[in-house]
Amino acid sequence: MKEKSIAVIGAGKWGLSLHFALSQRQKCLITSRTKRDIKNFVDLQTALDCDYLVIAIPAQEIRSWLKENFVFKGQKILVASKGIEASSGQFLNEIYADFVPDENIGFISGPSFAAEVIKGLPCALVINTISKKLYVEFEVCFPDFIKTYYSSDVIGAEVAGAYKNVLAIASGICEGLNLGKNAQASLIARGLVEMQRFGKHFGADESSFLGLSGAGDLFLTASSTMSRNFRVGLGLANDKNLDEILKELGEVAEGVKTSIAIKELSKKHNIYTPIANEVYHIINGKNPKDSLRDLLKN
Ligand SMILES: NC(=O)C1=CN([C@@H]2O[C@H](COP(=O)(O)OP(=O)(O)OC[C@H]3O[C@@H](n4cnc5c(N)ncnc54)[C@H](O)[C@@H]3O)[C@@H](O)[C@H]2O)C=CC1
Ligand SMILES: O=C(CO)COP(=O)(O)O
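Computed from a predicted structure; not experimentally measured. (Residues numbered from 1 in each chain as written. Chains lettered and ligands numbered in written order. Predicted model: local features only at pLDDT ≥ 70, side-chain atom pairs only at ≥ 80, totals over all residues. Heavy atoms only, no water.)

(A) Structural detail: the UniProt feature "binding site: sn-glycerol 3-phosphate" (unreviewed entry) in the protein chain. Listed under "binding site: sn-glycerol 3-phosphate" (unreviewed entry) in the UniProt record, and renumbered for this structure, are K82, G110, S112, K164, D217, S227, R228 and N229. Looking at where S112 falls in the secondary structure, it is placed in the loop between strand 5 (105–109) and helix 5 (114–117). On the basis of relative accessible area, S112 is assigned to the buried category, the value being 11%. There is a polar contact of 3.1 Å between the side chain of S112 and the backbone oxygen of G110. Topologically, R228 is positioned in helix 10 (residues 228–237). Exposure remark for R228: the relative accessible area of 24% places this residue in the partly exposed category. Not counting residues within four places of it along the chain, the set of residues in contact with R228 comprises K13, L249, E251, V252 and A253. (UniProt positions renumbered as here; feature names shortened; annotations may be inferred. Helix = DSSP H or I, 4+ residues; strand = E, 2+ residues; numbered from the N terminus. Buried < 20%, exposed > 50% of the residue type's maximum accessible area, 1.4 Å probe, protein only. Polar contact = N/O pair within 3.5 Å; in protein donor to acceptor, adjacent residues only side chain to side chain. Contact = heavy atoms within 4.5 Å.)

(B) Examining the site of ligand 1 more closely. Of all residues adjacent to ligand 1, which total 21 residues, the nearest are K13, W14, A114, V252 and E254. With respect to ligand 1, the backbone of S112 contributes an N or O atom lying 3.4 Å from an oxygen atom. The class makeup of the residues in the shell around ligand 1 is 10 nonpolar, four polar and seven charged. For the shell around ligand 1, the two domains that each supply at least three residues are domain 1 (6–152) and domain 2 (155–297). (Near = heavy atom within 4 Å. Nonpolar A, V, L, I, M, F, W, Y, C, P; charged D, E, K, R; others polar. Domains from an automatic or database assignment.)

(C) Spatial organisation of helix 12 (residues 255–269). The terminal C-alpha atoms of helix 12 lie 20 Å apart, and with 15 residues this matches the ideal 21 Å at 1.5 Å per residue to within 8%. Taken together, the buried residues of helix 12 touch helix 7 (154–176), helix 8 (181–201), helix 10, helix 11 (242–249) and helix 13 (274–283). A positive backbone phi angle near 55° is found at N270, which sits one or two residues after helix 12. (Expected span 1.5 Å × (residues − 1).)

(D) Molecular detail of the domain arrangement of the protein chain. When the domains of the protein chain are assigned, the result is domain 1 (6–152) and domain 2 (155–297). Counting residues at the interface gives 26 residues for domain 1 and 29 residues for domain 2. Around 2100 Å² of area is buried between domain 1 and domain 2 when both sides are counted, 69% of it from carbon and sulfur atoms. It is K82, F91 and F113 that lose the most area in domain 1 upon contact with domain 2, and together they represent 32% of the buried surface on that side. (Buried area = accessible area lost by both parts, 1.4 Å probe.)

This is the structure:
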């Protein structure tokens, strides 16, 4: 029987870490836009011919990447990105749905800083897919140091993974303004309620927000300078300009664009999302101290 082939697409922080993890159990290929000196690096076409693909490119790039590069030939896909498309307000599963049948796609969620995964430190992740069969096929690809869980709540995982990035920016702002641990815990707890409310509107299972995908990833990202989104918040609190912050970061901070998507979606669907809205306004020039005043008042 032919051995199954697997490739990671995208050699940023997360793509490289997933490639490291997936290489523990089988040969795993990797590709990216520019040629890299990495073991098992291949051109895009070779990667796309694999049976299993793990796609780790920023959320805002996915639609154009799929349009330009992807032809469905029965591949099984695991999406590693966390974000909502700002230009359309579409969730990633909606974008992928035009290219891949639902039973062939899963979404990874849960607390997982790439920098720790690439060191082989233990963590637990959720593979979210409507197909239990697909889950089992991907589960066996992961190494012993990663414990995987199954969930069919794709939209819950997606909302949680995207929303926590916006809340991590808020938490970074809170830290940068020296508002104290009480304020930060209040912000994170209310943020969790807010993301759950938002997710529920789109059909998410409320319990997803209390597990790894929701509270797990939120607590991680909103409490550590290892998070790029948290560091964006720190910069904003210190009056740095967003372009300067992102240039210094040199990596994607999905919460910036996702805050636009959440603001638009919450307006359209009349969902109460005060923290995400303030993050959006701060990114667009509002003084964080004015946001604090407004959050305390409303
Ligand atoms: N770094 C982390 O700890 C984790 C990241 N993620 C998510 O994974 C996604 C990727 O993040 P990172 O790898 O950390 O970001 P990164 O900024 O380190 O790398 C992004 C990669 O995407 C590639 N890329 C950008 N635009 C592209 C395009 N149009 N076509 C093809 N490739 C393109 C870049 O060349 C780069 O290699 C994000 O959605 C992020 O939220 C999820 C879990 C953990
Ligand atoms: O999603 C992550 C960890 O689970 C990474 O968060 P940042 O993109 O904020 O670094």
